[in-house]
Amino acid sequence: MKATLLALAALAATAQAFKDTSPFLMVSSSPLPKLESSTGGLGLSKEVVQSTKDILSRCSSDLYVIFSQPEMAIQDIAFSPFLKSMVEQKKAGNPGVVMREVLGFNGAESMDLVRYIQQKCGAAFSQSLEGNGEEKSVVLKEFPALSGKGEEREVLVGDHDAALQKELQQLPRGKTYTLLFLSTAPPSSLPASPSPMEKEAEKSKSKEKSIIYQPDFDNDAVHMDLKRNLAPPRGDGPFSDQRPLFEQYQFFNPGLFMGLLVGLILIAILSVGISAIGSLRVSYAAFEKEMGPAAQKKAQ
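Residues numbered from 1 in each chain as written. Predicted model: local features only at pLDDT ≥ 70, side-chain atom pairs only at ≥ 80, totals over all residues. Heavy atoms only, no water.

Caption draft 1: A look at helix α4 (residues 109–121). Compared with the 18 Å implied by 1.5 Å per residue over 13 residues, the 18 Å span of α4 between its first and last C-alpha is a close match. For α4, the complete set of buried residues consists of Glu109, Ser110, Leu113, Val114, Tyr116, Ile117 and Cys121. Buried residues along α4 cover an arc of 165° about the axis, so they all sit on one side. The inward-facing, buried residues of α4 abut α2 (45–56), β3 (63–69), β5 (124–126), β6 (137–142) and β7 (177–183). (Helix = DSSP H or I, 4+ residues; strand = E, 2+ residues; numbered from the N terminus. Expected span 1.5 Å × (residues − 1). Buried < 20%, exposed > 50% of the residue type's maximum accessible area, 1.4 Å probe, protein only. Arc of directions from axis to C-beta. Contact = heavy atoms within 4.5 Å.)

Here you go:
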């Protein structure tokens, strides 16, 4: 019982952790490679930052613009026209757009990337998107943290989106650019705005219960194969990893090779033992009854 409670607590903590995610966006005037991640569609902060640095190390742009937005959740994208348009471009296969759902951003990643671009590409720090006359420049724009909930939060997300688009209108023409949008997840005590799909799902939840037939048995554990799978399909979200299966997961890992090697050794030992037992030879005379004088003496 205690082990079951501990397992349920661990699963609940894991589910809550995956809720504390935030959007990450990279847009460039040139094609971008995919961000590597060991967790499929969800990116861990350290992996995303390292993959971003690997992309930025090519120094292929003249202008680098980093936008920092604290306390923004994935659901807030529904009320940001700019981010929604980037999601549509990513789905359409635009090679210049990379978008991920990130877990673990704390706000210090923006300055870390600014310092990396300065050291690696020799870019000069600038306050405006027009630059300061240098060949390469990096700009950091920080927005206030999002707050509130419901309609108040939706309006605030829209205002920040309008300010973001106003900044992007100042991008100089004739220069190659790379835009980075980093955000941190809102605190657990501050729920994010529900998306329109979630609102619609809540409205139709009562209707679905009366429409969808779900068989009811006395022993549900025995008839789980007859239950309908009502879970939403996986891999349809904007942040789902579209890479092939063998690129997302490592199938031939060291543990598998060790198991195969030990299995071959055990099979070899078993075959030697079976062949040794099969090679035993006993003459038929060993089972015949002795009829000579020696046998008569033993009988006396």
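Having put the structure on the table, let's press on.
Caption draft 2: Just the state of the cysteines, in detail. Under the defined criterion, the tally for this structure stands at 1 disulfide. Each disulfide pairs two cysteine sulfurs, and for Cys59 the partner residue is Cys121, the sulfurs being separated by 2.0 Å. A torsion of -85° about the S-S bond marks the disulfide between Cys59 and Cys121 as left-handed. With a gap of 62 residues between them, Cys59 in the loop between α2 and β3 and Cys121 in helix α4 connect regions that are remote in the sequence. The pair formed by Cys59 and Cys121 is uniform in burial state, with each residue classed as buried. (Disulfide = S-S within 2.5 Å.)

Caption draft 3: Here's a closer look at the confidence of the model for the protein chain. Mean pLDDT over the protein chain stands at 75; residues scoring 70 or higher make up 65%. In this model, residues 1–17 is a region of pLDDT below 50 whose contacts with residues beyond four sequence positions or in other chains number 2 contacts. (pLDDT = per-residue confidence, 0-100.)

Caption draft 4: Summary view of the packing of aromatic side chains. On inspection of all chains with the given rule, the structure shows 2 aromatic pairs. Judged by centre distance (6.1 Å) and plane angle (75°), the ring pair of Phe24 and Phe105 falls under edge-to-face. Of this pair, Phe24 sits in strand β1 (residues 21–28) while Phe105 is found in the loop between β4 (97–103) and α4, placing the two residues 81 residues apart along the sequence. Look at Phe67 and Phe143: their rings are 6.1 Å apart centre to centre, the planes differ by 20°, and that puts the pair in the stacked class. Placement of the pair is Phe67 in strand β3 and Phe143 in the loop between β6 and α5 (151–168), with a sequence separation of 76 residues. Here Phe67 falls in the buried class, since its relative accessible area comes to 2%. In this structure Phe143 comes out as buried when scored by relative accessible area, which is 14%. (Phe/Tyr/Trp six-rings, centres within 6.5 Å; stacked < 30°, edge-to-face > 60°.)

Caption draft 5: Molecular detail of the environment of Ala73. Tracing the backbone through its elements, the reader meets Ala73 in the loop between β3 and α3 (81–91). Classification of Ala73 as buried rests on a relative accessible area of 3%. The spacing of Ala73 and Asp20 is 53 residues in sequence and 7.4 Å in space, taken between C-alpha atoms.

Caption draft 6: Quick peek at a nonpolar patch on the surface. There is a patch of nonpolar side chains on the surface, built from Tyr249, Phe251, Phe252, Leu256, Phe257 and Leu260 and spanning about 630 Å² of accessible area. The residue Leu260 is located in helix α9 (residues 254–278) in this model. (Patch = residues over 30% accessible without salt bridge, like charges linked within 9 Å, V, L, I, M, F, W, Y side chains within 5 Å. Areas by Shrake-Rupley, 256 points an atom, 1.4 Å probe, with all protein chains shown as cover. Salt bridge = Lys/Arg side-chain N within 4 Å of Asp/Glu carboxyl O.)

Caption draft 7: Spotlight on the nonpolar core. Within the largest apolar cluster, 24 residues are counted, with the highest numbers of intra-cluster contacts made by Phe24, Ile66, Ile117 and Leu180. If you list the elements that add at least two residues to this core, you get β1, α2, β3, β4, α4, β6 and β7. Broken down by element, the residue count for this core peaks at 5 residues, all from α4. If sequence neighbours within four positions are ignored, Phe24 has contacts with Leu35, Val48, Thr52, Val98, Met99, Arg100, Val102, Phe105, Leu180, Phe181 and Leu182. (Core = buried A, V, L, I, M, F, W, Y, C linked by side-chain atoms within 4.5 Å.)

Caption draft 8: Quick peek at unusual backbone geometry. The phi torsion at Cys59 lies on the positive side, around 50°, for a residue other than glycine. Residue Cys59 is classed as buried on the basis of its relative accessible area of 19%. Positive phi values are uncommon outside glycine, yet Glu71 reaches one of about 60°. Position of Glu71 relative to the elements: it lies in the loop between β3 and α3. On the accessibility criterion, Glu71 (24% relative accessible area) is partly exposed.

Caption draft 9: Highlighting the sheet that holds β7. Sheet architecture is open: 7 strands sit in the order β2-β4-β1-β7-β3-β6-β5, paired in mixed fashion. The sheet is open, and its two edges are formed by β2 (42–44) and β5, each paired on a single side. Across the sheet, the mean angle from the axis of one strand to that of its neighbour is 25°, orientation sign disregarded. Alignment of β3 against β6, held across 6 bridges, turns out to be parallel. Across the sheet, the residue bridging to Phe67 is Lys141, located in β6. With respect to the sheet, α2 is in contact with β1, β2, β3, β4 and β7, its orientation differing from that of β2 by roughly 85°. (Pairing = 2+ DSSP bridges. Axes fitted to C-alpha atoms, helices over the stretch in contact; angles between N-to-C directions.)

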